[in-house]
Every structure is written in C-alpha cells, then in structure tokens.
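Results of the structural survey
Read off the chains here:
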Amino acid sequence: MDIKSHTHHISQQYNLELDEIKTKLSEMGGLAQRQVNDAIQALIDADAETAERVVREDDHVNDMELDIDEDCVRILARRQPAASDLRLVIAVTKAITDLERVGDEASKIARQAIALSGDGSTPRGYVEVRHIGGHVSRMLSDALDAFARLDVDLALRVVETDNTVDMEYNSAMREMLTFMMEDPRNISRALNIMWSLRALERIGDHARNLAQYVVYLVKGEDVRHESYDEIQEQIQDDNE
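Criteria and cut-off values
Numbering of residues starts from 1 in every chain and runs along the sequence as written. In keeping with the predicted nature of the model, local features appear solely for residues at pLDDT of at least 70, side-chain atom pairs appear and are counted solely at 80 or more, and the whole-chain, interface and lining totals rest on all residues. The side-chain quantities take in all heavy atoms of the structure and omit both hydrogens and water. Labels follow the DSSP assignment, with helices taken as runs of H or I lasting at least four residues and strands as runs of E lasting at least two, numbered in each case from the N terminus. Every radius of gyration here is taken over C-alpha atoms, with the globule rule written as 2.2 Å times N^0.38, N being the number of residues. Here the term buried applies to any residue with accessible area under 20% of the maximum for its type, exposed to any over 50%, and partly exposed to those in between, with areas from a 1.4 Å probe on protein chains only. In this analysis, two residues are considered to be in contact whenever any of their non-hydrogen atoms come within 4.5 Å of each other. Accessible surface is estimated by sampling points in the Shrake-Rupley manner with a 1.4 Å probe; for residues, cover comes only from the protein chains shown. Counted as positive: Lys and Arg. Counted as negative: Asp and Glu. His and the chain ends are not counted at all. Lysine's charge is taken at NZ, arginine's at CZ, aspartate's at CG and glutamate's at CD. For salt bridges, the criterion is a side-chain nitrogen of Lys or Arg within 4 Å of an Asp or Glu carboxyl oxygen. In this scheme, patches are assembled from residues that exceed 30% relative accessible area and form no salt bridge. Like charges are connected within 9 Å, while nonpolar side chains (Val, Leu, Ile, Met, Phe, Trp, Tyr) are connected within 5 Å. pLDDT is a per-residue confidence score from the predictor, ranging from 0 to 100. Axis definition: a line fit to C-alpha positions, over the contact stretch in the case of helices; interaxial angles, taken between N-to-C directions, run 0 to 180 degrees. Roughly parallel means an angle under 35 degrees; roughly antiparallel means over 145; roughly perpendicular covers 65 to 115; every other angle is labelled oblique. It is the rotation of the near helix from the far one that decides the hand of a crossing: anticlockwise by less than a right angle makes it left-handed, clockwise makes it right-handed. For this classification, Asp, Glu, Lys and Arg are treated as charged, while Ala, Val, Leu, Ile, Met, Phe, Trp, Tyr, Cys and Pro are nonpolar and the rest, including Gly, are polar.

Here we come to the overall build of the protein chain. The number of helices and strands found in the protein chain is seven helices and zero strands. Mapped in sequence order, the helices and strands of the protein chain form the string α-α-α-α-α-α-α. A compact globule built from 240 residues would reach a C-alpha radius of gyration of about 18 Å, and the protein chain, at 20 Å, matches this within 12%. When the backbone C-alpha atoms are referred to their principal axes, the protein chain occupies close to 65 × 40 × 20 Å. Per-residue burial for the protein chain yields a buried fraction of 50% across its 240 residues. When contacts within the protein chain are restricted to residue pairs at least 6 apart in sequence, long-range pairs at least 24 apart make up 78% of them. Counting only carbon and sulfur atoms, one obtains 46% of the accessible surface of the protein chain, whose full area is about 11600 Å². If the 27 positive side-chain charges of the protein chain are averaged to one point and the 48 negative ones to another, these points end up 2 Å apart.

Structure, rendered in structure tokens:
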C-alpha cells in the first residue's frame, strides 16, 4: 500500500525514510491479516499444522513491530517532523501496536484450534466463528486499505462494522452459554470456541483503531473514544 500523506521534502533521504516506514507497515499489516485468516481456517478445519505455523510466526510480527518502532524513533530524533509528517509517524507507531496485538489474538485462536484438533467432534459455534471471522477479516483489510489511501469514508465503514461485530459477538456468546448449560460435557469445547470468539472481537477492535488513525492522519482529530455517529458528525462539521 502507498500512504501518500507526508510532504515531499528537498532531502531525498528524508523522503526515503518516510516511505520506508510506510512500506514496512504495509508488510506487517499483510502478515497480520494472513495470520488472522489462517488461524480462523485452522480452527474450522481442525488443522493443527497450520495453527502451529500461526503461533510460530507471531514472533515475526513482534520483530516487525520493534523494527518499525526503532525507525520511527530515529525519524523523530533526527528530523523533528511537523504537521502531516509528525501525524504520519505518530499514526504508524500506534498502528504497529495494534497490528502486533492482532498477531497475538490470531495466535490465541490458533492455540484453540490446536486444542480442538484432536477432539474428533464438531463443536457448536463454528458457524459463528466463520461468520464473525469473515466480518473481522474484511474490517482489517479495509482498515489497512483506508490507511494506505487515506480514505476517510472507508475508515468510517470499518468503525460502523465494528458495532455489528460487537452485537454478533454478544449473540454468539449467549448461544455458547446455552450450549454449555444443555450438557456439562460441552463445557471444555465451548470454552475453546468462546475464547476464539473473544479474540475475533478484539481483532475487530484493533481494526477499528486503525481506521480511527486514518481520521487522525487526514483531519488531525483524535477520535479514538468517539462513537461512529460522533466521528461522522465531526467530519461533516469539518467539511462545511
């Protein structure tokens, strides 16, 4: 992805440094998204091998966070960026933290997939995992695209979708509690699914955060603790 938010500078090296953190963020986002998709599929398919790979690759996501963070600190120290450049560097440092946590949540799902892979039965909740997982995966993809293209409208759709995911998550959790109450023998398997659903809900939250950073980049407004309606109203006011 190509984040075109910073000013073009006379110093070619400065331009290269800004371009580099954007390129690395794109790579980290791609890896985190693949981790999420693989973890969901591993859970549904009872694929322990894929799940184990997801767990192993979490270290790579962590390493990428540290590497990009060092680059951002170096830019802040050497270049003392201002205006849009400063917002870009700050947004990238925040985004990599969310992406690292996305990797952590994907790893949690993968561990549940490993735990369930030898069960032999198909636990209730897989339909919900597939459905919510599809929403969350699209949210993450759209949030990264919005960040790349500075697309505030797409970012707003991600924030709006998070509300839908939260409602579906609450409904799925009630369904799993009912499943456990029907037969105590279901408790262990149901808990594995519930922990996976919780991880998916958290990934949606991180995708929403990424989308909110887009508003910060474009508008210079911190909207992290505002609702979808409040963000939309604020953007409309800015455009008038």
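So, next bit.
Here we take up the pattern of salt bridges. Under the criterion given, the structure shown has 14 salt bridges. Notably, a salt bridge pairs R79 with E17, separated by 3.1 Å at the nearest N-O pair. Of the two residues, R79 sits in helix α2 (residues 48-79) while E17 sits in helix α1 (residues 12-45), which places them 62 residues apart along the sequence. Residue classification places R79 among the partly exposed residues on the basis of a relative accessible area of 28%. Overall, the relative accessible area of 12% leaves E17 in the buried class. Between E105 and K108 there is a salt bridge; the shortest N-O distance is 3.3 Å. Of this pair, E105 and K108 both sit in helix α3 (residues 83-117), separated by three residues, roughly a single helical turn. Look at E105 and you get buried, because its relative accessible area is 9%.

Turning to a negative patch on the surface, a few remarks are in order. A contiguous patch of negative charge on the surface is contributed by E160, D229, E230 and E233. If you tally residues by element for the negative patch, the top one is helix α7 (residues 228-239), at three residues. In this structure, D229 sits in helix α7.

As a further point, take the environment of S11. By the element assignment, S11 lies in the segment before α1. With 168 residues separating them along the chain, S11 and F179 place their C-alpha atoms 62 Å apart.

Overall, the prediction assigns the protein chain a mean pLDDT of 90, with 92% of residues at 70 or greater. The secondary structure element of the protein chain with the lowest average pLDDT is α7, at 75, and the one with the highest is α2, at 96.

Right, let's talk about the packing of helix α4 (residues 126-149) against helix α6 (residues 187-219) for a bit. Across the interface, α4 lies against α6 with an axial gap of 9 Å and an inter-helix angle of 20°. In this view, α4 runs roughly parallel relative to α6, as classed from their interaxial angle. α6 is crossed by α4, and the crossing has left-handed handedness. Across the interface between the two elements, Y126, E128, V129, I132, G133, V136, M139, L140, A143, L144, A146 and F147 of α4 pack against I193, L197, L200, I203, G204, A207, R208, L210, A211, Y213, V214 and L217 of α6.

Take V223: it is sitting in the loop between α6 and α7. Considering only alpha carbons, one finds V223 and Q212, 11 residues apart in sequence, at a separation of 6.2 Å. Excluding its chain neighbours within four sequence positions, the residues that come into contact with V223 are Q212, V215, I231 and Q234.

Quick look at the packing of α1 against α4 now. For the pair α1 and α4, the least separation of the axes is 10 Å and the interaxial angle reads 175°. In this view, α1 runs roughly antiparallel relative to α4, as classed from their interaxial angle. Residues L25, G29, A32, Q33, V36, N37, I40, L43 and I44 of α1 lie in contact with α4, whose contacting residues are Y126, V129, R130, G133, S137, L140, S141, L144 and F147. Classifying every residue of the contact of α1 with α4 gives 11 nonpolar, six polar and one charged.

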